[in-house]
Amino acid sequence: MIPIASPFIGDEEINSVIEVLKSNQLASGEVVLNFEYHFSNYIGVDFGIATSSGTTALHVALQALGLEPGSQVVTTPFSFIATANAILYNQLTPVFVDIDPLTFNISPVELERLLKEQKNIKAIIVVHLYGQSCEMDEIMALANKFNIKVIEDCAQAHGALYKNKKVGSIGDISIFSFYPTKNMTTGEGGMICTSDREIADTCKRLINHGQTAKYYHKYLGYNYRMTNIQAAIGVHQLQRLDLMNKQRAKNAQFFLSHIENDLIRLPHIKPENVHVFHQFTLRTSIREKLISSFDQAGIGYGIHYPVPIHRQPIYKEIIGEVQYEQTELAAQEVISIPVHPQLTQSQLLNITKTINEFEVD
Ligand SMILES: Cc1ncc(COP(=O)(O)O)c(C=O)c1O
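Residues numbered from 1 in each chain as written. Predicted model: local features only at pLDDT ≥ 70, side-chain atom pairs only at ≥ 80, totals over all residues. Heavy atoms only, no water.

Undergrad: Help me understand the packing of helix α2 (residues 30-43) against helix α8 (residues 228-258), please; the structure alone is not making it clear to me.
TA: Relative to each other, α2 and α8 sit at 25°, their axes nearing to 8 Å. The angle between the axes of α2 and α8 places the two elements in the roughly parallel class. The way α2 lies across α8 gives a crossing that is left-handed. Two secondary-structure elements touch here, α2 through Glu30, Val31, Val32, Asn34, Phe35, His38, Phe39 and Tyr42 and α8 through Asn228, Ala231, Ala232, Gly234, Val235, Leu238, Leu241 and Asp242. Here the residues of the contact of α2 with α8 are counted per class, giving ten nonpolar, four polar and two charged. (Axes fitted to C-alpha atoms, helices over the stretch in contact; angles between N-to-C directions. Helix = DSSP H or I, 4+ residues; strand = E, 2+ residues; numbered from the N terminus. Parallel < 35°, antiparallel > 145°, perpendicular 65-115°, else oblique. Left-handed = near helix turned anticlockwise from the far one by under 90°. Contact = heavy atoms within 4.5 Å. Nonpolar A, V, L, I, M, F, W, Y, C, P; charged D, E, K, R; others polar.)

Here you go:
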């Protein structure tokens, strides 16, 4: 079986974890500070705050913006549910905007239409889905015009570029996930990035029980801290990230130049973007048949995502029956194939051959 994802853990990560275990300093400490320093430098922001997951990073990042309860926050309905859940955790109101069918990212045209109609929108969470940046110039221009804050959800886009800028350095605040399927991992883990000192200080307190000094709690906070054990893995994963991303891009390029089948649509990459291929996602109107071919050939795949967020029961209860045409269509047609850096040449050939030979009977 060719797995859809496969984390690469080297001797450096293993040895560093052993070192932490022997040091007796297992919880958040120097190793976390070191990881935060290097990760924020890599992204090109002033502050990095390591967290226990991408989800907890999102919760706190949105809270740190200090929006009035009930304010509307816009996001895409075509993402992992954690993106929208951050809005509900903060007692804010989710509003969805349809996607661009070519990139699967939130559509700036639809966003503008919404912002002209709705006046209570205070923030937007954009998601750089599958490893490709959203159209950030257009989004930032709208955010400035309508005075809304921008959170970048970079859970799937470590190292991705938009016009030579790292994603995660463009909005007011950004978050990353280090779940094992991601472009780099710490087992579980996340990071908040920002260049705003006040927002960074608020996030640091929120992830640590609202502590301002040891055992002095000015705010209601949480235990969302990363451990030294996780950070020890992260430091070495970060050193490997560019190389791992290059290998993903090479694998993607192989598919782009060798997959040829009229039943399949390949990913669209915008010229201003460096895509880091967290996922290599195809479109086909006969997905179930393609899945049978993959099952027979022992090829892993993923459907990201079969049910749009606005169709999930918890969201339907809140926002009722709404329709986002491009999102609904994408949810029926997308299928991701393995593109991770550990694929061998014969696996690449096997995947390509299976797709090229796929036909309707
Ligand atoms: C787009 C997106 N946002 C948020 C998350 C949440 O990250 P985590 O699983 O680390 O909580 C994920 C990952 O699963 C994701 O893909």
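Undergrad: Looking at this structure, how should I read unusual backbone geometry?
TA: Keep in mind that most residues, glycine aside, have a negative phi and that most peptide bonds are trans. A cis amide bond, omega 15°, links His304 with the succeeding residue Tyr305. One non-glycine residue with positive phi stands out, namely Phe104, at about 75°. Within the secondary structure layout, Phe104 lies in the loop between β3 (93-96) and α5 (108-117). The class of Phe104 is buried, set by a relative accessible area of 5%. (Buried < 20%, exposed > 50% of the residue type's maximum accessible area, 1.4 Å probe, protein only.)

Undergrad: It is not clear to me how the site of the ligand should be interpreted in this structure. Could you clarify?
TA: Looking at the ligand, there are 16 residues lining it, with Gly54, Thr55, Asp153, Ser177 and Lys182 nearest. In the model, an oxygen atom of the ligand is placed 2.7 Å from a nitrogen or oxygen of the Ser177 side chain. The separation between an oxygen atom of the ligand and a polar side-chain atom of Lys182 is 2.9 Å. Under a 2 Å grid-point criterion requiring more than half of the atoms, the pocket assigned to the ligand is the largest pocket. Elements with a minimum of two residues in the shell around the ligand: α3 (54-63) and α4 (82-89). A total of three residues in the shell around the ligand trace back to one element, the largest contributor, which is α3. When grouped by side-chain class, the residues that make up the shell around the ligand number six nonpolar, eight polar and two charged. (Near = heavy atom within 4 Å. Polar contact = N/O pair within 3.5 Å; in protein donor to acceptor, adjacent residues only side chain to side chain. 1 Å grid on protein atoms, 1.4 Å probe; cavity = no way out; pocket = protein on both sides within 12 Å on 5 of 7 lines; lining within 4 Å. Sits in = over half its atoms within 2 Å of the grid points.)

Undergrad: Hey, could you run me through the pairing of strand β5 (residues 149-153) in this one?
TA: Each regular strand shows side chains that alternate between the opposite faces of the sheet. Within β5, four of the five residues are buried, which leaves it mostly tucked inside the rest of the structure. This β-α-β element, strand β4 (residues 121-127) to helix α6 (residues 136-146) to β5, shows right-handed connectivity. Of the pairings in the sheet, the one linking β5 to strand β8 (residues 173-177) comprises three bridges and is parallel in character. Directly across from Asp153, in β8, lies its bridge partner Ile175. (Right-handed = clockwise from strand over helix to strand, strands pointing away. Pairing = 2+ DSSP bridges.)

Undergrad: Looking at this structure, how should I read the sheet that holds strand β12 (residues 273-274)?
TA: Sheet strands pair by backbone hydrogen bonding; their relative direction is either parallel or antiparallel. Read from one edge to the other, the open sheet built from three strands follows the order β7-β6-β12, with strand pairing classed as antiparallel. With partners counted over all chains shown, the strands left at the sheet margins are β7 (165-166) and β12, one partner each. For strand β6 (residues 161-162) and β7, the ladder comprises two bridges, and the chain directions are antiparallel. What sits directly across from Tyr162, in β7, is Lys165.

Undergrad: How do you make sense of the packing of aromatic side chains when you look at a structure like this?
TA: Given two aromatic rings, their pairing is described by the distance between the two centres and the angle made by the two planes. Taken as a whole and judged by the stated rule, the model has 15 aromatic pairs. Measuring from ring centre to ring centre gives 5.4 Å for Phe104 and Tyr130, while their planes differ by 70°; the resulting arrangement is edge-to-face. Highlighted residues: Phe104 in the loop between β3 and α5 and Tyr130 in the loop between β4 and α6, separated in sequence by 26 residues. The buried category is assigned to Tyr130, whose relative accessible area is 3%. Joined through ring pairs, the aromatic side chains of Phe78, Phe80, Phe104, Tyr130 and Tyr305 make up one cluster. (Phe/Tyr/Trp six-rings, centres within 6.5 Å; stacked < 30°, edge-to-face > 60°.)

Undergrad: When you look at the sheet that holds strand β9 (residues 190-194) in this model, what are you seeing that I'm missing?
TA: Ordered by their spatial adjacency, seven strands build an open sheet running β1-β9-β8-β5-β4-β2-β3, and the pairing between neighbours is mixed. Whereas interior strands pair on both sides, the edge strands pair on one side only; in this sheet they are β1 (47-51) and β3. Averaged over all adjacent pairs, the angle separating strand axes in this sheet is 20°, with direction ignored. Looking at chain direction, strand β2 (residues 72-75) and β3 are connected through four bridges and run parallel. Bridge assignment links Val73 to a residue of β3, and that residue is Pro94. Its contacts with the sheet put α2 on β1, β8 and β9, and the angle it makes with β1 is roughly 130°.

What is shown is where atoms sit, not what they do.
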